[in-house]
Amino acid sequence: MGITLWRSKWIILLGIFALNIIAGAFALVYLSRESGARRVEKLEFASGNKLLGFLIILLGFFFVWAARLIFLGNILPQVTPIFWVFLWASLFQALGLKLITGHKWYVLFALTILVQGIIYQVYGHLTIVTDYPFSIGYSEAGRHYYASMYHAKSLYDMQLPLPFLHPSRYFLLSLPFLVEGLPLWAHRFWQSLLWIGLTATSSVLLARRLSLKGWIQFFVAAWAFLYFFQGAVYYHLHICVILILAGVSVKHPLCSLVFVILSSVWAGVSRVNWFPVPAMFAIAIYLLETPVGNKGWRYWLTPFVWGASGLISAVISQFIYIRLSGNADVSSFGSSFTSDLLWNRLLPNETFPLGIILGITLVAAPLIVAIIQIARGQFSRVHPLRWAALFAMLSVLLLGGLIVSVKIGGGADLHNMDAFLVLLAIIATSFFAGHVAGEDDLNPIWGQIHWSVTVAALLVPLGFALPQIGFLPGYDHVKVEKDIQTLQSVITQNEGEILFVTERQLLTFGELNNVRLVPEYEQSELMEMAMSGNREYLETFIQTSSIIVLHSSSLKIKNSHCRKKVLSSKKIMPGCVMWVRRCYAPINRLRLSLQQIFKFSCRVPASLIAKTHLQNKKCSIRLSALRSNPFPDPI
């Protein structure tokens, strides 16, 4: 970078940062000891100190935001610097709460961390709420187009097949379309509510089923809320979690079976690798709360019935949805099975700096260590077969998540590890709450968790919450209006069909007039077919429209050999893009949203061009729009 540390102001910054780490670690160790805790507890609890405590809390809160947005935002935008600022601020805020309430400082420290983490996550998910008509990130607003397919007749005056990707997610997103005329910002707000509300519901149910009382129930629920966002566990999958946590009880196996089936039916129209997951959650609860005793093989009847019923229900559910969806090409539902595996995603990489292995280790390690510490010396209280079954399910979900993460289109975060994370949370919180039945005692007294493990379990989710701190969105309304007018002018001047590969929500929400939807080849669908190597689909991507609108980054082509193990967010089969460049000439470019408009001008049969370039191996495509924000911060 051309920085000479010993002659630069950077040496001061690095020195402060190093001292900050040492001092922060020393403070945590000191306060964890009895002598340090006693000194903190001696702080006077007097009415005169309440105002000071309140000021300390506010100062710490705003200092973190100021440090993130003003001091570190442009210089050190990484999570680690602001993490240590947050740690120091939280320590002082806990002391401020101590002056106000007089409670134990470590309880107040945990409360400070959890409450602020929730604020960061809620704020981050609400910042998406804006009336900006174009997509904020890759196909962000385009998701609302897929949701609109459930109401295609009223919106587009045509009957469209239902989505083959994430049907349950788009069904939830489609509910605001029941109210006619709602703008895009209202749909974005609804999606934010789904993220926040369904995650919070799963978190509360997880804490309630453990029969915890008072503040400890709030602590567990707040921690689970932050923990689930580490994946993140997508909101439509929380429906499965909610049904299991709300309805499964070892005392009522038949009623539990109903909820397992309902949850599995939802999983069947959600994600293929979640087909067996609801039953596995239910079986884990059974294993944790039911001793083997003298039941022998009969002990396993309930898990078997739940498991078989759940898996069969999920398969039948997807089969019924496929039949009702109206999709002519049913092979699209299995597109995820044919995409390449990019094993470099397991290690730190450009798309996910932590890498899948390091990331999931960081997230899961505190919980695994906590389970070991709680059960240390008492493993025999749980039957070996119960341990084996729990370990086997965790291993299956871990391995399955790793495989899905390395498929093209995955691995940009830990969201494909979601089932493993939820199951691990169920097991860890059950041990923490003493909600695990022993073979000789239904309510055994389990061991304690070391303070360092508890702190790690609290702080790791904050590493995923702190990046949510950012400025409120805004954009140049004049430039946006000019881009819309440019598109409308192109529509008015051309009589043929206009294919919106990107930004179809402009049609959904009436930003453009007098244009008929061309339903084929939307960006997400096109990328899915390209990543899965659907040659037949790509070969039919021929001249059907006189105008094509797509993001300019979709056409960045480099003349180098295609590499199999490139970033999935930058890979697509070359035929489609090469065909667009050969058969379409650019006629305009939207300056703010970076959309390009192309007009058909091909003299060579498009089918021949597509076939030729599908066989051409000597090119690589750089598609930076996929799973990243391609815009130069328009909002």
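The structure this text deals with has already been given above.
Quick look at the structure, then. Bear in mind the structure is a predicted one, so any value in this text is a computation, not a measurement.

Points about the sheet that holds strand β4 (residues 584-589)
Part 1 of the argument: A sheet is described by the order of its strands in space; here 4 strands give the open sequence β1-β2-β5-β4, paired in mixed fashion. The open sheet has two edge strands, β1 (498-500) and β4, and neither has a second partner. The mean angle between the axes of side-by-side strands here comes to 25°, regardless of whether they run parallel or antiparallel.
Part 2 of the argument: As defined by bridge partners, β1 adjoins strand β2 (residues 547-551) across 3 bridges and the pair is classed as parallel. Bridging across to β2, Phe500 finds its partner in Val549.

Side note on the pairing of β4
Part 1 of the argument: Strand direction decides the pairing type here: β4 and strand β5 (residues 595-600), joined by 5 bridges, are antiparallel. Looking across to β5, one finds that Ala585 is bridged to Lys599.
Part 2 of the argument: The antiparallel pairing of β4 with β5 creates a hairpin that spans 5 residues between the two strands, and Leu594 there sits at a positive phi of about 60°.

Quick notes on the packing of helix α3 (residues 50-71) against helix α4 (residues 79-101)
Part 1 of the argument: Between α3 and α4, whose axes approach to 7 Å, the crossing angle comes to 165°. The orientation of α3 with respect to α4, classified from their angle, is roughly antiparallel. Every pair of crossing elements has a handedness; the one defined by α3 and α4 is left-handed. Side by side, α3 and α4 meet where Lys50, Leu52, Gly53, Phe54, Ile56, Ile57, Gly60, Phe61, Phe63, Val64, Ala67 and Arg68 of the first sit next to Ile82, Val85, Phe86, Ala89, Phe92, Gln93, Gly96, Leu97, Leu99 and Ile100 of the second.
Part 2 of the argument: Taken together, the residues that form the contact of α3 with α4 break down as 16 nonpolar, 4 polar and 2 charged.

Description of a nonpolar patch on the surface
Part 1 of the argument: Judged by side-chain polarity, Leu51, Phe54, Leu55, Leu58 and Phe62 come together as a nonpolar surface patch covering roughly 510 Å² of accessible area.
Part 2 of the argument: Along the polypeptide, Leu58 turns up in helix α3.

Focus on the packing of aromatic side chains
Part 1 of the argument: Counted according to the given criterion, the structure contains 31 aromatic pairs.
Part 2 of the argument: Ring plane angle 90° and centroid distance 5.8 Å describe the contact between Trp215 and Phe218, whose orientation is recorded as edge-to-face. Of this pair, Trp215 and Phe218 are both found in helix α10 (residues 214-228), 3 residues apart, which corresponds to roughly one turn of the helix.
Part 3 of the argument: A relative accessible area of 33% means that Phe218 is categorised as partly exposed.
Part 4 of the argument: Pairwise contacts between aromatic rings join Phe61, Phe62, Trp65, Phe86, Tyr120 and Tyr123 into one cluster.

Brief notes about unusual backbone geometry
Part 1 of the argument: Put simply, Gly231 and Ala232 share a cis peptide bond, and its omega is 0°.
Part 2 of the argument: Tracing the sequence through the fold places Ala232 in the loop between α10 and α11 (235-247).
Part 3 of the argument: A positive phi angle is found at Glu503, which is not glycine, with a value near 60°.
Part 4 of the argument: Position of Glu503 relative to the elements: it lies in the loop between β1 and α20 (505-508).
Part 5 of the argument: The exposure class assigned to Glu503 is buried, which follows from its relative accessible area of 6%.
Part 6 of the argument: Even without being glycine, Tyr521 reaches a positive phi, approximately 65°.
Part 7 of the argument: Tracing the chain through its elements places Tyr521 in the loop between α20 and α21 (523-531).

Scoring rules and cut-offs
- Residues numbered from 1 in each chain as written.
- Predicted model: local features only at pLDDT ≥ 70, side-chain atom pairs only at ≥ 80, totals over all residues.
- Heavy atoms only, no water.
- Pairing = 2+ DSSP bridges.
- Helix = DSSP H or I, 4+ residues; strand = E, 2+ residues; numbered from the N terminus.
- Axes fitted to C-alpha atoms, helices over the stretch in contact; angles between N-to-C directions.
- Parallel < 35°, antiparallel > 145°, perpendicular 65-115°, else oblique.
- Left-handed = near helix turned anticlockwise from the far one by under 90°.
- Contact = heavy atoms within 4.5 Å.
- Nonpolar A, V, L, I, M, F, W, Y, C, P; charged D, E, K, R; others polar.
- Patch = residues over 30% accessible without salt bridge, like charges linked within 9 Å, V, L, I, M, F, W, Y side chains within 5 Å.
- Areas by Shrake-Rupley, 256 points an atom, 1.4 Å probe, with all protein chains shown as cover.
- Salt bridge = Lys/Arg side-chain N within 4 Å of Asp/Glu carboxyl O.
- Phe/Tyr/Trp six-rings, centres within 6.5 Å; stacked < 30°, edge-to-face > 60°.
- Buried < 20%, exposed > 50% of the residue type's maximum accessible area, 1.4 Å probe, protein only.

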